[in-house]
Structure formats: C-alpha cells, structure tokens
Amino acid sequence: MIVGLGVDLVHMPGFRAQLDRPGTAFVEAVFTPGERREAAARPGETAVHLAGRYAAKEAFVKAWSGSRFGRAPALARADLAEVEVETDAWGRPALRLRGALARALPPEARLHLSLSHDGDHAVAVVVIEAPDAPL
C-alpha cells in the first residue's frame, strides 16, 4: 500500500549560486561522502548531479511527512545527510536511509525514487510503500 508520495523541483541557477557561495558548508552538511565522491567524478556536471540528489532528499521528507498526516512527527527534524541517493552499476537511483531516519521507518517500508533533469531543472519523486501499517 502506498503511504507517502513526495515531489521536489530544484531550479539549477539558484542551486548553483548556493554551491558557489564562498564559505558555505551546504554540500558537506547535506550530502554524504559517497554522494560527494560520485558528483566529483562527473566534471562539469557536479551541480546538476547534486541538484537531483537534493530534490530526492526533499521529496523523501515530503513523502514521509505526508505518510504521517494527522499524527505528530516521528522526529523533531529530518537530517538530510541521513538520506542518501545511491546508484547501481547501470546508474539507476535508490534511496538509503541512515541514523535516526532509518530507525524511524519500519524495516518493511519500501522506498521508490525517480529522478529527472531537463534544462534548468531537476525533479525527484519518492513513493513510500508499506504493508497496511502506518509509519
């Protein structure tokens, strides 16, 4: 049963400006070492790559929040660095949760992720599926 759905859109020029801001710790605070390594391996596409990952993290938070409609939040805040976008050998993305977020979701919950980039935008859609139990 689908219990949560989230979508997020990132406008690339604004996102690039945030990444280029001198002294910002945004990348280190939001992206895991694995995500940063994978982005660095794509010269000239780093901002595009990270924008898609950021959209995925935000889409997850929206899906999870929606799955709890009418109930108190499970955590005071979601640490975006605990949401990691991994890709398989063919470049297909998936979400992996760590830390408090991983403990807050039941082990039977399944996460589905779709990413897309077009022009100045990156978009992500996350679906949370769980058997008959609320999250």
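Shown above is the structure to which this text applies.
In this text, all values refer to a predicted model and were calculated from it rather than measured experimentally.

Thoughts on the nonpolar core
Line of reasoning, step 1. Ranked by internal contacts, the top residues of the largest apolar core, which has 34 residues, are Phe15, Phe26, Phe31, Tyr54, Phe60, Leu95 and Val126.
Line of reasoning, step 2. Among the elements of the structure, β1 (2-11), α1 (12-20), α2 (26-30), α4 (46-67), β2 (83-87), β3 (93-97) and β5 (121-129) are those that each provide at least two residues to this core.
Line of reasoning, step 3. Once you skip the residues sitting within four places of it in the chain, Val126 turns out to touch Gly4, Leu5, Gly6, Ala56, Ala59, Phe60, Ala63, Leu95, His112 and Leu113.

Looking at the pattern of salt bridges
Line of reasoning, step 1. One pass over the full model with this rule turns up nine salt bridges.
Line of reasoning, step 2. Its salt-bridge partner being Glu86, residue Arg98 comes within 3.9 Å of it at the nearest N-O pair. One end of the pair, Arg98, is in the loop between β3 and α5 (99-104); the other, Glu86, is in strand β2, and 12 residues separate them in sequence.
Line of reasoning, step 3. As a salt-bridge pair, Glu129 and Arg110 come within 3.7 Å of each other at their nearest N and O atoms. A residue pair is termed long-range when its members are at least 10 positions apart, and Glu129 in strand β5 and Arg110 in strand β4 (residues 110-118) qualify at 19 residues.
Line of reasoning, step 4. Look at the salt bridges and you will find they share partners, linking Glu84, Glu86, Arg96 and Arg98 into a network.

Looking at the environment of Ile128
Line of reasoning, step 1. In this structure, Ile128 sits in strand β5.
Line of reasoning, step 2. Along the primary structure Ile128 and Glu108 are separated by 20 residues, whereas in three dimensions their C-alpha atoms are 10 Å apart.

Notes on the sheet that holds β5
Line of reasoning, step 1. With antiparallel pairing, the three strands of this open sheet are ordered in space as β1-β5-β4. If you trace the sheet from one side to the other, it starts and ends with β1 and β4, each paired once. For this sheet, the mean inter-axis angle between neighbouring strands, taken without regard to orientation, is 10°.
Line of reasoning, step 2. Alignment of β4 against β5, held across nine bridges, turns out to be antiparallel. Along β5, the bridge assignment pairs His112 with Val127.
Line of reasoning, step 3. In the packing of α1 onto the sheet, contacts are made with β1, β4 and β5, and the angle to β1 comes to roughly 75°.
Line of reasoning, step 4. Strands in contact with α4 are β1, β4 and β5; relative to β1, the strand with the most contacts, it is inclined by about 145°.

A look at the pairing of β2
Line of reasoning, step 1. Bridging between β2 and β3 involves five bridges; their strand directions are antiparallel. Note on β3: the bridge partner recorded for Val83 is Leu97.
Line of reasoning, step 2. Taking the residues between adjacent antiparallel strands as the criterion, β2 and β3 are bridged by five residues, where Gly91 takes a positive phi near 85°.

Some details on the packing of aromatic side chains
Line of reasoning, step 1. According to the stated counting rule, one finds five aromatic pairs in the structure shown.
Line of reasoning, step 2. Taking the centre distance of 6.0 Å and the plane angle of 85° together, the rings of Phe26 and Phe31 count as edge-to-face.

Some thoughts on α1
Line of reasoning, step 1. Residues of α1 that are buried include every one of Met12, Phe15 and Leu19, and no others. An end-on view of α1 places all buried positions within 65° of arc, on one side of the element.
Line of reasoning, step 2. Those residues of α1 that are buried lie in contact with β1, α2, α4, β4 and β5.

What to know about the packing of helix α3 (residues 33-40) against α4
Line of reasoning, step 1. The N-to-C vectors of α3 and α4 enclose an angle of 150°; their axes lie 8 Å apart at closest approach. Taken as axis vectors, α3 and α4 run roughly antiparallel relative to one another. When you trace α3 past α4, the crossing you get is right-handed. In this structure, α3 contributes Glu35, Glu38, Ala39 and Ala40 to the contact, and α4 contributes Thr46, His49, Leu50, Arg53 and Lys57.
Line of reasoning, step 2. The residue makeup of the contact of α3 with α4, split by class, is three nonpolar, two polar and four charged.

Quick notes on the rules
Residues numbered from 1 in each chain as written. Predicted model: local features only at pLDDT ≥ 70, side-chain atom pairs only at ≥ 80, totals over all residues. Heavy atoms only, no water. Core = buried A, V, L, I, M, F, W, Y, C linked by side-chain atoms within 4.5 Å. Buried < 20%, exposed > 50% of the residue type's maximum accessible area, 1.4 Å probe, protein only. Helix = DSSP H or I, 4+ residues; strand = E, 2+ residues; numbered from the N terminus. Contact = heavy atoms within 4.5 Å. Salt bridge = Lys/Arg side-chain N within 4 Å of Asp/Glu carboxyl O. Pairing = 2+ DSSP bridges. Axes fitted to C-alpha atoms, helices over the stretch in contact; angles between N-to-C directions. Phe/Tyr/Trp six-rings, centres within 6.5 Å; stacked < 30°, edge-to-face > 60°. Arc of directions from axis to C-beta. Parallel < 35°, antiparallel > 145°, perpendicular 65-115°, else oblique. Left-handed = near helix turned anticlockwise from the far one by under 90°. Nonpolar A, V, L, I, M, F, W, Y, C, P; charged D, E, K, R; others polar.

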